[in-house]
Amino acid sequence: MAQKIFVFSGKGGVGKSTVTAAVSKSLLYCGKKVLCIDADIGFRSLDLILNTGNQAVYNWLDLMENRCDADRAAVSAEGCPDLLSAPNNYSEKITLESVGEMLSRLDGKYDYIFVDSPAGCGALHEIFARLCDRALLIATADSVCVRSAETAAAKIGEYNDGLDIRLIVNRFNKAEVLKGRQLNLDDTMDAVRVGLAGVVPEDRTIGNMSGGCTLSQKAQSAFNRIARRITGEQICLDPKTL
Ligand SMILES: Nc1ncnc2c1ncn2[C@@H]1O[C@H](COP(=O)(O)OP(=O)(O)OP(=O)(O)O)[C@@H](O)[C@H]1O
Ligand SMILES: [Mg+2]
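Residues numbered from 1 in each chain as written. Chains lettered and ligands numbered in written order. Predicted model: local features only at pLDDT ≥ 70, side-chain atom pairs only at ≥ 80, totals over all residues.

## Quick look at the overall build of the protein
1) Next: Assigned secondary structure in the protein consists of eleven helices and seven strands.
2) Next: The globule rule puts the C-alpha radius of gyration for 242 residues at 18 Å, and the 17 Å found for the protein is close to it.
3) Next: In terms of its C-alpha atoms, the protein occupies a principal-axis envelope of roughly 55 × 35 × 30 Å.
4) Next: Looking at the protein residue by residue over its 242 residues, the buried ones come to 44%.
5) Next: Excluding contacts between residues fewer than 6 apart, the proportion of contacts in the protein whose partners are at least 24 apart in sequence is 77%. (Helix = DSSP H or I, 4+ residues; strand = E, 2+ residues; numbered from the N terminus. Rg over C-alpha atoms; globule rule 2.2 N^0.38 Å. Buried ≥ 20, exposed ≤ 12 C-beta atoms within 10 Å, placed from the backbone. Contact = placed C-beta atoms within 7 Å.)

And the structure:
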């Protein structure tokens, strides 16, 4: 059975789709079968970051409504996980039952299923949060983002109190902390009140993932460490080697 991981944030543009793509690729390199579901209805972006080009003819609403099977709906580029694209429009047929039924059809085919959500916490978040086993909360270490992350974590926790929520601090930059423009990791964790799953540096190669850029060693190892923690490996969270 696949482990289902819900990726969410308070504020938008903090790196949910980027982190989803990079961590799933790391899991793929560990030999895992991985599917990413783009849940950002109307604003999909994972197809660009995972370089699937024009391959996607169907999206997960088509799969849910039996217009295609999973093999036709999921597409992938070389070295990338499978992707189920987001529909362009919301449908009232998206319910806890219909999405749950779709996920159960995909369950046996994958080790991990990531759900990349839009920012905030609406009805769609409630559906996916209730159907997932764990969640990754993405935040940058500035006070505005951190406050919204804490609010989002509380809300998502209300939707599913069994959900194991962990924080990924993205775009972390020690120089910005020293200048007082970013919070340090302890203050970020204290404010969000969620345990840490990993830290991703601010990195030009991460910003260019959709252009097919190879990740820097520092960026790649940050994502690899998060992926290994997801598989249950005990990888230390020493600030020097985050
Ligand atoms: N660690 C990083 N270093 C540099 N650039 C980054 C990093 N993480 C993300 N970015 C860039 O930040 C921008 C927003 O990232 P992304 O689209 O993943 O955010 P998002 O949270 O999914 O946004 P949305 O809320 O709109 O779905 C992108 O241009 C991405 O390349
Ligand atoms: Mg996104």
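Picking up where we left off.
## Describing the site of ligand 1
1) Next: Neighbouring ligand 1 are 19 residues; Gly-12, Gly-15, Ser-17, Thr-18 and Gly-207 lie closest to it.
2) Next: Of all the secondary-structure elements, those providing two or more residues to the shell around ligand 1 are α1 (16-29), β6 (164-172) and α10 (204-207).
3) Next: A breakdown of the residues in the shell around ligand 1 according to their chemical character gives five nonpolar, nine polar and five charged. (Near = placed C-beta within 6 Å. Nonpolar A, V, L, I, M, F, W, Y, C, P; charged D, E, K, R; others polar.)

## As for the environment of Ser-104
1) Next: Take Ser-104: it is sitting in helix α5 (residues 96-106).
2) Next: Exposure remark for Ser-104: the 12 C-beta atoms within 10 Å place this residue in the exposed category.
3) Next: The spacing of Ser-104 and Leu-131 is 27 residues in sequence and 9.8 Å in space, taken between C-alpha atoms.

## Some words on the sheet that holds strand β7 (residues 196-201)
1) Next: Ordered in space as β3-β2-β4-β1-β5-β6-β7, the seven strands form an open sheet in which the pairing is parallel. Each of the sheet's edge strands pairs with one partner strand only, and the pair in question is β3 (82-84) and β7. Strand-to-strand, the axes of this sheet are offset by a mean angle of 20 degrees, without reference to chain direction.
2) Next: In this sheet, β3 lies alongside strand β2 (residues 34-38) in parallel orientation, the contact comprising three bridges. (Pairing = 2+ DSSP bridges. Axes fitted to C-alpha atoms, helices over the stretch in contact; angles between N-to-C directions.)

## Topic: the packing of α5 against helix α6 (residues 123-131)
1) Next: The interhelical angle for the contact between α5 and α6, taken along N-to-C directions, is 45 degrees, at an axis separation of 10 Å. The orientation of α5 relative to α6 falls into the category oblique. Viewed along their axes, α5 and α6 form a crossing whose handedness is right-handed. When α5 is examined against α6, the residues Leu-96, Val-99, Gly-100 and Leu-103 are found in contact with a partner set consisting of Ile-127, Phe-128, Arg-130 and Leu-131. (Parallel < 35°, antiparallel > 145°, perpendicular 65-115°, else oblique. Left-handed = near helix turned anticlockwise from the far one by under 90°.)

## Thoughts on the packing of helix α7 (residues 143-159) against helix α9 (residues 185-192)
1) Next: In contact at an axis separation of 8 Å, α7 and α9 are set at 40 degrees when each is read in the N-to-C sense. Judged on the interaxial angle alone, α9 and α7 are oblique. Side by side, α7 and α9 meet where Val-146, Ala-149, Glu-150 and Ala-153 of the first sit next to Thr-188, Ala-191 and Val-192 of the second.
2) Next: Per-class residue counts for the contact of α7 with α9 are five nonpolar, one polar and one charged.

## Side note on the nonpolar core
In summary, soluble globular proteins display a tendency toward joint burial of nonpolar side chains.
1) Next: Counting 74 residues, the largest nonpolar core has Ile-113, Val-115, Ala-135, Leu-137 and Ala-139 as its most contacted members.
2) Next: Ile-113 has contacts with Ala-2, Lys-4, Leu-35, Ile-37, Leu-103 and Leu-106, leaving out every residue within four places of it along the chain. (Core = buried A, V, L, I, M, F, W, Y, C linked by C-beta atoms within 7 Å.)

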